[in-house]
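# Summary of the model geometry
Chain by chain, the residues run as shown.
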Amino acid sequence: MTTAGTAIVVKYGGAAMDGGRLSATAMRDLAVLAGDSRRLVLVHGGGRKVTEEAARRGLTPRFLDGLRVTDPEMMDVVRMVLVGRINKDLVGQLQGVGVPAIGLSGEDAGLMTARTLRVDGVARFGRVGEVAAVDTKVLTMAWEAGLIPVVASVAPDAAGLPHNLNADTAAAALAAALPADRLVYVSDVEGLMADPADPASIIPRMGSADLAALLRDRPPRDGMLPKLSGALTALRSGVPVVRLVGDQALLSAFTADTGRGTTLHV
């Protein structure tokens, strides 16, 4: 189990949430982790809820290479749903099980600064950003006050213009900046599979060299790609272990590296 003072980052994917809520198992596991280590950071997604709200407003979501094209109108939806709704709901859920939580985004106290993501010099995705800088002082302040930071993946650029960040990438950037002792991705899949169509083909362990080769030669599609790219970034930045687990295996990701899910290591 993690010891007091250990920094750990958990990214909980929107696809693993039921209507924007954490499962009873995840709530219990996070309460255990919060009691065991006050240096826990929870980063969350929420893409499904963003899509639902966009549809209610008559907006048609567009995706390129798995990323949501984010024009100013869509950015308003992203910011409202992730920061104003899901983030506050998660804080309330944690408070309900005795976990003292505080909601944050990259816009708070300079936690994260974004730069517009460009491909071949072109901002093809609108206000989609990548993390340019991290300032962890607000996380330290929260921990010193006995609070667990819950972070939404929205951040301003240097001019203060809010950008939509991929939550997997944001979690990796925070883990690298702390640096964290462990980064855990919780999603609706149990780990990295050799055959995406076969749930029994989960790869139990993979080193960073093999991970880099996989990303170079056989990059996965959809949501697994930013997780693996983020994992490699974190490992190369000094985070010793990254775990990919399903919702029911969150706590085991901190008690063993041989249980369910995939362990990625240096």
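It should be noted that the structure appears before, not after, this text.
Residues numbered from 1 in each chain as written. Predicted model: local features only at pLDDT ≥ 70, side-chain atom pairs only at ≥ 80, totals over all residues. Heavy atoms only, no water.

## Concerning the sheet that holds strand β5 (residues 101-105)
Quick reminder of the rule: We treat two strands as partners when DSSP finds at least two bridges between them. Segments assigned H or I by DSSP are reported as helices when at least four residues long, segments assigned E as strands when at least two residues long, and all are numbered from the N terminus. Only C-alpha atoms enter the line fits that serve as axes; for helices the fit covers just the stretch in contact. Angles between N-to-C directions range over 0 to 180 degrees. Whether two residues are in contact is decided by their heavy atoms: any pair within 4.5 Å suffices.
Here we have eight strands laid out as an open sheet, ordered β5-β8-β2-β1-β11-β13-β14-β12, and mixed in their pairing. In the strand order of this sheet, the two ends are held by β5 and β12 (205-207), each with one partner. Across the sheet, the mean angle separating the axes of adjacent strands is 20° when strand polarity is ignored. Two strands pair when backbone bridges link them, and strand β11 (residues 182-187) and strand β13 (residues 241-246) are joined in this way by five bridges, in the parallel orientation. Pairing of L183 across the sheet is with V242, part of β13. Against the sheet, helix α3 (residues 72-96) contacts β2 (40-44), β5 and β8 (148-152), and its axis sits at roughly 165° relative to β5.

## Here we look at helix α2 (residues 47-56)
Filter applied, for reference: The buried label applies to any residue whose accessible area, calculated with a 1.4 Å probe on protein chains only, is under 20% of its type's maximum; exposed applies above 50%, and partly exposed to all values in between. Here the arc refers to the directions that run from the helix axis out to each C-beta atom.
Among all positions of α2, only V50, E53 and A54 are buried. Viewed along the axis of α2, the buried residues span an arc of 105°, placing them on a single side of the element. What points out from α2, more than 90 degrees from its buried face, is the exposed set R48 and R56. Here the buried face of α2 lies against β4 (67-68) and α3. Immediately beyond the C-terminal end of α2, within one or two residues, lies G58, with a positive phi of roughly 80°.

## Section: the pattern of salt bridges
Pairs can form between side chains of opposite charge once their charged atoms are near each other. For clarity, the threshold we go by: Criterion for a salt bridge: a side-chain nitrogen of Lys or Arg within 4 Å of a carboxyl oxygen of Asp or Glu.
Throughout the structure, instances matching the rule amount to 12 salt bridges. Notably, a salt bridge pairs R48 with D188, separated by 3.9 Å at the nearest N-O pair. Of this pair, R48 sits in helix α2 while D188 is found in the loop between β11 and β12, placing the two residues 140 residues apart along the sequence. Taking the shortest distance from any N to any O, the salt bridge between K227 and D168 comes out at 3.3 Å. Within this pair, whereas K227 is found in helix α7 (residues 224-236), its partner D168 is found in helix α5 (residues 167-177), the two being separated by 59 residues in sequence. Note on accessibility: K227 and D168 belong to one class, buried. Shared partners join several salt bridges into a network, and the residues in it are E53, R56, R57 and R85.

## Topic: the nonpolar core
The cut-off we apply is this: Residues belong to a common nonpolar core when they are buried Ala, Val, Leu, Ile, Met, Phe, Trp, Tyr or Cys residues joined through side-chain atoms within 4.5 Å.
Ranked by internal contacts, the top residues of the largest apolar core, which has 42 residues, are V9, V41, M112, L183, L211, L228 and L264. Of all the secondary structure elements, the ones that give two or more residues to this core are β2, β6 (112-116), α4 (137-144), α5, β11, α6 (208-217), α7 and β13. The biggest single contributor to this core is α5, with seven residues. Setting aside residues up to four positions removed in sequence, L228 forms contacts with L192, L211, L214, L215, P220, L244 and L264. Counting 39 residues, the second-largest nonpolar core is a separate cluster that includes A34, L90, V184 and L250.

## Comments concerning the sheet that holds strand β9 (residues 154-156)
Two strands in a sheet stick together by hydrogen bonds in their backbones, pointing the same way (parallel) or opposite ways (antiparallel). Strands sit in the order β6-β7-β10-β9 across an open sheet of four strands; the sheet is mixed. Pairing within the sheet leaves two strands with one partner each, and these edge strands are β6 and β9. Neighbour-to-neighbour, the strand axes of the sheet open up by a mean angle of 55°, direction not taken into account. Summarising the sheet, strand β7 (residues 128-134) and strand β10 (residues 162-165) pair through two bridges and their orientation is parallel. Opposite G129, over in β10, you have L165 as the bridge partner. Here α5 sits on the sheet in contact with β6, β7 and β10, set at roughly 5° to β7.

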